[in-house]
Amino acid sequence: MRKNQRKVDQAKVRQRKLTSFRMNFLFFSIFVLFSLLIFRLGYLQIVKGEDYKLLLERTEEIAVNTSVPRGRIFDRSGHLLVDNEPRNAITYTKTTSTTSDEMLKTAKKLAKLIEKPTTRITLGDKKDYWILLHPNEAIEKVTKKELLAIQKDESITKKEAQRKITKMTRDRITDKELDSFTESELEVLAIYREMMSGYAYTPQIVKSEDVTDTEFATVSEQLSSLPGVNTTTDWERVKMSDSAILGTTTSPLEGIPKSDLDYFLARGYSRNDRVGKSYIERYYEDLLKGQKTVVKNIKDRTGKVVETKTVREGEPGKDLMLTLDTELQSHLEKIVEDNLLKAKRMGGSQFLDRAFLVMMDPNTGEVLSMVGKRIVKDKETGKLTVQDYTFGAFSTSYEVGSTVKLATMLTGYKYNAVHIGETKIDEPIYVGKQRKASLFNQNSRVAINDVEALGRSSNVYMFKIAMSIANYHYVKGGSLNIDFDAFNKMRDSYASFGLGVKTGIDLPGEVSGSSPDPNRKEPGKLLDLAIGQYDTYTPLQLAQYVSTVANGGYRIAPHVLKAVYEPSKDGEEFGALLQQEASQVLNRIDNTPEEIAQVKKGMHYTYYEPRGTAYNIFQGEDFDAGGKTGTAQAGYYEGDDRSLWGTQTVSVAHVGFAPYDNPEIAYSVIVPHVSTYTNGYAHPNNDIAQAAVKEYFALKKKRAESEIFSTETPAIQPPLDEKAETEKEKK
């Protein structure tokens, strides 16, 4: 009995010990868990507290398109060329939490306050809008059976499946359903589509064209009931000059061109930002675009913006001063246009449709004037009219005749094919059965030196230089067995002057001209190359080329940007100077100063000796000059009418510089396809060069007398041309 009692007592003791152990383990576990919890809370508050606080606030810095005005463009004297015209605008900004229903509700309210054209609504817009207004009917467009089949298709993702369903729905909307929209509903759609097209937190222009004062005031008064809507000032680009090289910009409705979308988006642009589309506006986009306002959006945990702070205010774009002289440009444009039309009235001019003139400072590369004019037929009246074709001065190329003989002579000096003062016999030469001669000497033998060869434009002198470079000794009637490496030697030498290579001008779209591969069955093409009747060059290349000769052998990149300024604060004086464009020397030609001086003498002969090809055009003037004329009688028409391509024409050119001893200007003129006649054709090249140079010095004298021209930074001047054209009007 006592033994049994003892066993019971021992069992109770063990039970109490087990219970006590379990309780202690439980309390210890609770202690550990609470310790871990306290440690974790301390870690979150002390170590990570600031991070989680920032996460809770969910701040986000974004660049906001505040429609800052682009930088203005001026000529070298401060005359305004491109300006900005302020215009009322109504914008809408959505957030990441804005729903389609909320936008639609706002669009309906806004449609009652403004008139919005519906011309930009697309068929796709209508379909999307119909689905939004008729969700139940839209669902029924795809049957349950079709829906199930698509959902069971394991070969496509859920996103692809939904895209397929949406396409089926859109395709099955009938014309009757799309035509059911009322005018007021379409106006709501026109507003709604603009709201939808923008990014979150980026203002999207709903209307900026023809916003009336009444619309602007009415919307401004009711902004509190129009969430996301704002009234602001937009800017329209206004051109004060017809020159095409100023370029154009897109509108906010156009936004970034699709071809450049990735490029601009990678640089922080929004899809609806206006950007430069061509020439100066495009090339200097980074300077002209301005700086958007950067703001910080502070959101609550639901994603709703509770506060917006400005991090950096927006700034207008930088002002650009160009090297172009607007007053000179205006006069030279008139000269080119008048001479082009005059030549067009002469016989054989059916292919004549354009003319070019480039004038630049040969010492700095500053382009003072660039003129291109083209004759086109007005589609409405059928009459001929003259249009600006300035960009053709660097985007089109032509055979330029004897103007290249300066380079041929200097190349001859370089390869010891001719020496300073050397006399050669100008005579008709015979290559096989082909006869070649100089224009001034068709039959006899005339001894001329290098200066006379340039001044009188001897083809044969240049032929003999080319043959010597090609290691060929002339034999009358013999085959022209040349070293074809002479093509490379001559072209490489020409390139050092700027012929056949891009000039490096700060404008997009420049071409290098054409240099056909030499055909070994046509060795005579080397002779044509030597007199400018094989390769083609641009008018700008000719200007750089003659500048290289004028300045003593330095090829300088032409440029149209002179300086960059901060935006003007008062509209009367330029802002702080940020950048002064420096001259860029690309290379020096491989000729001695004596050789270059000898070629200049030949150019002086052209103007001032009785046998010179442009004798007497500057007789009696207060300055001396040097030049070279050119006629390409092997040019072939490649104009707008392709059916006439290949018709042989005559093109004329002219290059020169002045004053002779201290050149201030270098100039080139090209008038392609001036005539189909081989004799008795017009020479507008010489007339244009003569009038242009005289105009430059007359304008210089007038400015000196009136003391309006200063080397210091000029004050902002009003545009010389009162005609102002907005981008919208131009389109």
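See the structure above.
Within every chain, residues take consecutive numbers counted from 1 along the sequence as written. Restriction of local features to residues with pLDDT of at least 70 applies here, the model being predicted, together with a cutoff of 80 or more for giving and counting side-chain atom pairs; totals for whole chains, interfaces and linings are based on all residues. As a rule here, side-chain values come from all non-hydrogen atoms in the structure, and water together with hydrogens is ignored.

A. Layout of the overall build of the protein. Secondary structure summary: the protein contains 24 helices and 23 strands in total. Contacts were defined at the residue level, with two residues in contact if any of their heavy atoms lie within 4.5 Å. In the protein, the share of contacts with a sequence separation of at least 24, taken over all contacts with a separation of at least 6, comes to 72%. Residue burial considers only the protein chains on display, and all accessible areas are found by Shrake-Rupley using a 1.4 Å probe. Accessible area for the protein stands at about 37,000 Å²; split by element, carbon and sulfur atoms hold 50% of it. Helix and strand definitions here come from DSSP, where helices need a minimum of 4 consecutive H or I residues and strands a minimum of 2 consecutive E residues; each element is numbered from the N-terminal end.

B. Focus on helix 19 (residues 485–497). Between the first and last residue of a helix there are one fewer steps than residues, each counted as 1.5 Å, and that sum is the expected span. In this model helix 19 runs 19 Å from its N-terminal to its C-terminal C-alpha over 13 residues, within 8% of the 18 Å that 1.5 Å per residue would give. What helix 19 keeps buried is the set A486, F487, M490, R491, S493, Y494, A495, S496 and F497. Buried residues in helix 19 make contact with helix 16 (405–414), helix 18 (459–469), helix 20 (525–530), helix 21 (539–550), strand 16 (554–556) and strand 19 (585–588). Phi for G498, located one or two positions after helix 19, is positive at around 115°. Accessibility here uses a 1.4 Å probe with only protein chains present; expressed as a share of the type maximum, an area under 20% marks a residue as buried, one over 50% as exposed, and anything in between as partly exposed.

C. Quick look at the environment of P518. Structurally, P518 is set in the loop between helix 19 and helix 20. In this view, P518 contacts F484, F487, R491 and Y534; residues no more than four positions away in its chain are not counted.

D. Highlighting unusual backbone geometry. The omega torsion of the bond from A658 to P659 falls at -15°, within 30 degrees of zero and hence cis. Positioned with a positive phi, N471 is a non-glycine residue whose angle comes to about 60°. With respect to the element layout, N471 can be found in the loop between helix 18 and helix 19. For N471, a relative accessible area of 58% corresponds to the exposed category.

E. Representation of the pairing of strand 3 (residues 80–92). Across the 13 residues that make up strand 3, a large majority, ten, are buried. Criterion used throughout: strands pair if DSSP finds at least two bridges between them. Here two bridges tie strand 2 (residues 73–74) to strand 3, and the two strands are oriented antiparallel to one another. Its bridge partner being in strand 3, I73 is matched across the sheet by V82. Hairpin connection of strand 2 to strand 3: five residues between the antiparallel strands, including G78 at a positive phi of 95°. Bridge count for strand 3 against strand 5 (residues 229–239) is eleven bridges, and the pairing is antiparallel. Within strand 5, the residue paired with V82 across the bridge is K239. Taken together, the three bridges between strand 3 and strand 4 (residues 204–207) define a ladder with antiparallel strand orientation. By the bridge assignment, T91 is partnered in strand 4 with I205.

F. A look at the pattern of salt bridges. Note on definitions: salt bridges are taken to be side-chain nitrogens of Lys or Arg within 4 Å of carboxyl oxygens of Asp or Glu. The final tally for this structure, using the stated rule, is 32 salt bridges. Across the pair K141 and E177 runs a salt bridge whose closest N-O atoms are separated by 3.0 Å. Of this pair, K141 sits in the loop between helix 5 (135–139) and helix 6 (144–152) while E177 sits in helix 8 (residues 175–178), and the two are 36 residues apart along the sequence. Classification of E177 by relative accessible area gives partly exposed; the value is 21%. The salt bridge partner of E566 is K318, with a shortest N-O separation of 3.0 Å.

G. Broad picture of the nonpolar core. To form a nonpolar core, buried Ala, Val, Leu, Ile, Met, Phe, Trp, Tyr and Cys residues must be joined to one another through side-chain atoms within 4.5 Å. Counting residues in each nonpolar core, the largest one holds 84 residues, and the members touching the most others are I280, M409, M462, L526 and V599. If you tally residues by element for this core, the top one is helix 18, at eight residues. With residues near it in sequence (within four places) discarded, I280 still touches I73, I245, L246, G247, L288, L320, L322, L507 and V560. One finds L332, L352, V386 and A614 within the second-largest nonpolar core, a separate group that totals 38 residues.

H. Region of the structure containing the packing of aromatic side chains. The rule is short: rings of Phe, Tyr and Trp, with Trp giving its six-membered ring, pair when the centres are within 6.5 Å, and they are stacked under 30 degrees, edge-to-face over 60, tilted in between. This model, assessed by the stated rule, comprises 20 aromatic pairs. Between the aromatic rings of Y279 and F391, the centroid separation amounts to 5.6 Å while the plane-to-plane angle is 20°, which identifies the pairing as stacked. Here Y279 is found in helix 12 (residues 279–283), whereas its partner F391 is found in the loop between strand 11 (384–388) and helix 15 (392–395), with 112 residues between them in sequence. Classification of Y279 by relative accessible area gives buried; the value is 17%. With a relative accessible area of 22%, F391 lands in the partly exposed category. A ring pair is formed by Y696 and F697, whose centres lie 5.0 Å apart and whose planes are at 85°; its orientation type is edge-to-face.

I. Up close: the pairing of strand 9 (residues 354–360). Of all seven residues that make up strand 9, seven are buried, and the element is covered over most of its length. Where burial is concerned, the two faces of strand 9 agree: the one with R354, F356, V358 and M360 and the one with A355, L357 and M359 are both buried. Note that strand 9 and strand 10 (residues 367–377) share seven bridges and pair antiparallel. Bridge pairing in strand 10 links M359 to S369. Hairpin connection, strand 9 to strand 10: the antiparallel pair is bridged by six residues, and G365 has positive phi, about 85°. Here five bridges tie strand 9 to strand 22 (residues 665–675), and the two strands are oriented antiparallel to one another. Considered in strand 22, the bridge of F356 is made with I670.

J. Structural context of the side chain of E327. With respect to the helices and strands, the residue E327 is situated in helix 14 (residues 326–344). Side chain to side chain, E327 and K702 meet in a polar contact 2.6 Å long. Residues in contact with E327, not counting those within four places in the same chain, are L699, K702, R703 and L720. Distance and chemistry together define a polar contact, namely a pair of N or O atoms within 3.5 Å, with one atom able to donate a hydrogen and the other to accept it when in protein, and with adjacent residues in sequence counting only for side-chain atoms on both sides.

K. View of a nonpolar patch on the surface. Within the patch definition used here, like charges are joined within 9 Å and nonpolar side chains (Val, Leu, Ile, Met, Phe, Trp, Tyr) within 5 Å, considering only residues with over 30% relative accessible area and no salt bridge. Residues M23, L26, F27, I30, F34, L37, I38 and L41 make up a contiguous nonpolar surface patch of roughly 770 Å² in combined accessible area. On the secondary structure map, I38 appears in helix 1 (residues 2–47).

L. Representation of the environment of S668. If you trace the backbone, S668 turns up in strand 22. S668 sits in the buried class, given a relative accessible area of 0%. Taking C-alpha positions, S668 is 7.8 Å from V546, a pair spaced 122 residues apart along the chain. Reaching out from S668, the side chain makes a polar contact with the backbone oxygen of P539 at a distance of 2.8 Å.

M. Representation of the packing of helix 3 (residues 100–111) against helix 4 (residues 123–133). With their axes 12 Å apart at the nearest point, helix 3 and helix 4 run at an angle of 105° to one another. By the angle between their directions, the pair helix 3 and helix 4 is classed as roughly perpendicular. Residues S100, D101 and L104 of helix 3 form the contact with helix 4, whose participating residues are Y129, L132 and L133. Three classes are used, and their members are as follows: Ala, Val, Leu, Ile, Met, Phe, Trp, Tyr, Cys and Pro are nonpolar, Asp, Glu, Lys and Arg are charged, and the others, Gly among them, are polar. Here the contact of helix 3 with helix 4 is composed, by residue class, of four nonpolar, one polar and one charged. Lines fitted to the C-alpha atoms define the axes, with helices restricted to the stretch that makes contact. Angles between their N-to-C directions range from 0 to 180 degrees. Each angle is binned into one of four classes, with values under 35 degrees roughly parallel, values over 145 roughly antiparallel, values of 65 to 115 roughly perpendicular, and all other values oblique.

N. Seen up close, the packing of helix 16 against helix 22 (residues 593–608). In the contact formed by helix 16 and helix 22, the axes pass within 10 Å of each other and the chain directions differ by 150°. Overall, the two elements helix 16 and helix 22 adopt an arrangement that is roughly antiparallel. Regarding helix 16 and helix 22, the two cross each other, and that crossing is right-handed. Taking contact as the criterion, the partners of L406, M409, L410 and Y413 in helix 16 are, on helix 22, E595, I596, Q598, V599 and M603. Crossing handedness is read from the near helix: turned anticlockwise from the far helix by less than a right angle, it gives a left-handed crossing, and turned clockwise, a right-handed one.

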